[in-house]
Amino acid sequence: MAQRFGGICVLGEDELDLIVNKFSDPADRKSVSEVCKLWYKVESLNRSSLRLLAPGCPRQVFPRYPNLVKFETTRSISDCDLAFLGETCSKLEVVNLNGLTGVYPPFVFSGVGLLSLAKHCPKLSKVMLNNVRLHIIHSVPISLISLAPNLRHLDLGSCPVVTDETLEAIGSSSSISYLNLAGCFKITDRGLGFLANGSVSKSLKTLFLAWIKGLTDVGVSHLHKMHCLEHLSLANRSVSEITDIGGVAISTIATLKRLSLQLLHKISDLTIRALARNCPNLEFLDLSKCGITGAGVRAFSGHPSLRTIILRFCEVDVSDLDHLVLRCPSLKSILLDNKKLEQMLPLIGTQTRSFVKGR
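All of the points below concern the structure found in this document. For every chain, the first residue of the written sequence is number 1, and numbering continues from 1 along that sequence. Only residues with pLDDT of at least 70 get local features here, since the model is predicted, and only at 80 or more are side-chain atom pairs given and counted; chain-wide, interface and lining totals rely on the full set of residues. Derived side-chain values reflect all non-hydrogen atoms in the structure, with water molecules and hydrogen atoms excluded from consideration.

## What about the overall build of the protein chain?
Let me state the cut-off plainly: Labels follow the DSSP assignment, with helices taken as runs of H or I lasting at least four residues and strands as runs of E lasting at least two, numbered in each case from the N terminus. Method for areas: the Shrake-Rupley scheme with a 1.4 Å probe, in which residue coverage is limited to the protein chains shown.
When you go through the protein chain residue by residue, the secondary structure sums to 16 helices and 15 strands. Accessible area of the protein chain: about 16,700 Å², with a carbon and sulfur share of 55%.

What follows is the structure, given as structure tokens:
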């Protein structure tokens, strides 16, 4: 509460709280903290997020911000530093270590510090380890599941230690709604079975399985058991063994809103017709370099939700695009590869032209 000293009104911590919370720009908050010791203290206590841009002295930094909710860094941080962060900032909910690099002796990062952090932060709900190319211990992602019961968002993209055993642990979670496994090359069909048959199948809404060579129709067919899946990416290399068998199985996930089948050249019109028929909520569909034709695309005539369809390097012609624009009232955009667009542009009518874009 504000107090008066000799006719001068001095703001108290409650008033300063209200003022500091008006500033979101980091530079502005830094300026606020430099006004005086009281402003420094109030700004520190009100800071909810911290991005560590360079290696320094985290043990001196972390105690200043006991109310942190979000922490992120791509720079040098050790297991000991992460453990200390958990002990100091027990309200943490988000830890973003995407692309973490540059951890050199005497600093060690094996992921064990993340487990210690999870023990001290009961509200931890979002962990991102995408493209962390360090020597994470194999058991770390598995142990994290049991130590973070409120985990909802888990990004393990391109993490080299993720295996089917990791997916078995994730499958036992009943809270995870977002899971990125793109580029986790050790995953097989067996791992997808753990996801589809576990508790996580009832909570998972977003699943990225792009760029995983070992997946076939057997594993993909398990996914029809996902009860509330809305966003699925199966984008893969041209050597993918996923065919219409897996594609038709996916079409039975009626909750799907976004689907990427990019580069699945064995996917044909059979899958596209099944998607158009069985997925009324589908809003976004990427068919780049799939083995589909205009006949398959036309199956979306009258579809109630489709807004964006990507047809880069697909065998479609102007009449197919015209048909889609006229018959699909929810449609907002059609994306083609630039070469195809250049060839078609002189032939595309005015109405269709406003829908078509290059990429």
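## Section: the packing of aromatic side chains
Spelled out, the test is: To pair, rings of Phe, Tyr and Trp, with the six-membered ring standing in for Trp, must have centres within 6.5 Å; the planes then decide the type, stacked if under 30 degrees apart, edge-to-face if over 60, and tilted in the middle. Exposure categories follow from relative accessible area, calculated using a 1.4 Å probe and restricted to protein chains: below 20% of the type maximum is buried, above 50% is exposed, and the middle band is partly exposed.
Considering all chains together, one arrives at three aromatic pairs under this definition. Both rings, one in F62 and one in F71, keep their centres 5.6 Å apart while their planes meet at 90°; by these two values the pair is edge-to-face. Under the relative-accessibility criterion, F62 is labelled buried at 0%. The buried category is assigned to F71, whose relative accessible area is 0%. Geometrically, the ring pair formed by Y178 and F208 is tilted, given 5.8 Å between the ring centres and 55° between the ring planes. With Y178 in strand β8 (residues 178–180) and F208 in strand β9 (residues 206–208), this residue pair connects regions lying 30 residues apart in the sequence.

## Some words on the packing of helix α7 (residues 140–147) against helix α8 (residues 164–171)
Under the convention used in this document: A fitted line through C-alpha atoms represents every axis, and for helices the fit uses only the stretch in contact; the resulting angles, taken between N-to-C directions, go from 0 to 180 degrees. Working rule for angles: under 35 degrees goes down as roughly parallel, over 145 as roughly antiparallel, 65 to 115 as roughly perpendicular, anything else as oblique. In what follows, a contact means two residues having at least one pair of non-hydrogen atoms within 4.5 Å. Residues are grouped as follows: Ala, Val, Leu, Ile, Met, Phe, Trp, Tyr, Cys and Pro are nonpolar; Asp, Glu, Lys and Arg are charged; all remaining types, including Gly, are polar.
At a minimum axis distance of 9 Å, the contact between α7 and α8 shows a crossing angle of 5°. The angle between α7 and α8 falls in the class roughly parallel. Counted together, P141, I142 and I145 of α7 and E165, T166, A169 and I170 of α8 form the full contact between these two elements. Of the residues in the contact of α7 with α8, the class split is five nonpolar, one polar and one charged.

## Section: the nonpolar core
The test is simple: By nonpolar core we mean a set of buried residues, namely Ala, Val, Leu, Ile, Met, Phe, Trp, Tyr and Cys, connected to one another through side-chain atoms within 4.5 Å.
In terms of nonpolar packing, the biggest core is built from 95 residues, with L181, L207 and L311 touching the most fellow members. Excluding its chain neighbours within four sequence positions, the residues that come into contact with L181 are L156, V162, L167, I187, L195, L207, F208, L209 and I212.

## Points about unusual backbone geometry
One non-glycine residue, K289, lies in positive phi territory at about 60°. Inspection of the secondary structure puts K289 in the loop between β12 (284–286) and α13 (294–297).

## Describing helix α12 (residues 269–278)
For α12, the full list of buried residues reads D269, T271, I272, A274, L275 and A276. Along its buried surface, α12 packs onto α11 (244–250), β11 (258–260), β12 and α13.

## Quick look at the pairing of strand β4 (residues 70–73)
Put simply, the rule reads: Between any two strands, pairing holds if DSSP finds at least two bridges. With the strands aimed away from the viewer, a crossover counts as right-handed if its path from the first strand over the helix to the second runs clockwise.
The side-chain alternation of β4 yields one buried face, formed by F71 and T73, and one unburied face, formed by K70 and E72. Bridge count between strand β3 (residues 49–52) and β4: four bridges; the pairing is parallel. Bridging from a neighbouring strand, R51 pairs with E72 of β4. Of the pairings in the sheet, the one linking β4 to strand β5 (residues 94–96) comprises three bridges and is parallel in character. Looking at the pairing, K70 lines up with V94 of β5. Taken together, β4, helix α5 (residues 79–88) and β5 constitute a β-α-β crossover, and its handedness is right-handed.

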